[in-house]
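Chain and residue survey
Here is what each chain is made of, one letter per residue.
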Amino acid sequence: QISLLHLDPDAKRKAVTTHTYEYIYLISGSIEYMLGDQIFPMNEGDSLFFDGNIQHVPFNKSDKLATLLVFYLFTEV
């Protein structure tokens, strides 16, 4: 599954887990991505690949819209 996510300035939410692997590509803007107990600053063109079972959440602390392409990679059970 592929999603386009727009994060407004100062956007935040509670951390979540998903039962997938995730690949995040930051198309535009800058964000901070919390993954477990680590924070990854991300700028346009940066990406992350991780196990969605780890708590995660993006934060847009900037004053500009951020756009992310999110790939959810499901595994067969």
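Our structure is the block above this text.
Sequence order as written defines the numbering, with residues in each chain counted from 1. With pLDDT at 70 or above as the cut-off, local features in this predicted model cover only qualifying residues; side-chain atom pairs require 80 or more to be listed or tallied, and sums for whole chains, interfaces and linings still use all residues. To obtain the side-chain values, all non-hydrogen atoms of the structure were included, while hydrogens and water were left out.

1. Looking at the sheet that holds strand β7 (residues 66–73)
For clarity, the cut-off: Only when DSSP finds a minimum of two bridges between them are two strands counted as paired. Secondary structure elements follow DSSP: runs of H or I no shorter than four residues count as helices, runs of E no shorter than two count as strands, and numbering proceeds from the N terminus. Axis definition: a line fitted to C-alpha atoms, over the contacting stretch in the case of helices. Angles run 0 to 180 degrees between N-to-C directions.
Sheet architecture is open: four strands sit in the order β1-β7-β2-β5, paired in antiparallel fashion. Pairing within the sheet leaves two strands with one partner each, and these edge strands are β1 (2–7) and β5 (47–51). Ignoring which end each strand starts from, the neighbouring axes of this sheet average 20 degrees apart. Relative to β7, strand β2 (residues 21–28) runs antiparallel, the two sharing seven bridges. For Ser-28, the partnering residue across the bridge sits in β7 and is Thr-67.

2. Topic: the pattern of salt bridges
To keep things clear, this is the line we draw: One speaks of a salt bridge when a side-chain nitrogen belonging to Lys or Arg is within 4 Å of a carboxyl oxygen belonging to Asp or Glu.
Here the structure, examined in full by the defined rule, presents one salt bridge. With its nearest N and O atoms 3.3 Å apart, the salt bridge here joins Glu-32 to Lys-61. With a gap of 29 residues between them, Glu-32 in strand β3 (residues 30–35) and Lys-61 in the loop between β6 (56–59) and β7 connect regions that are remote in the sequence.

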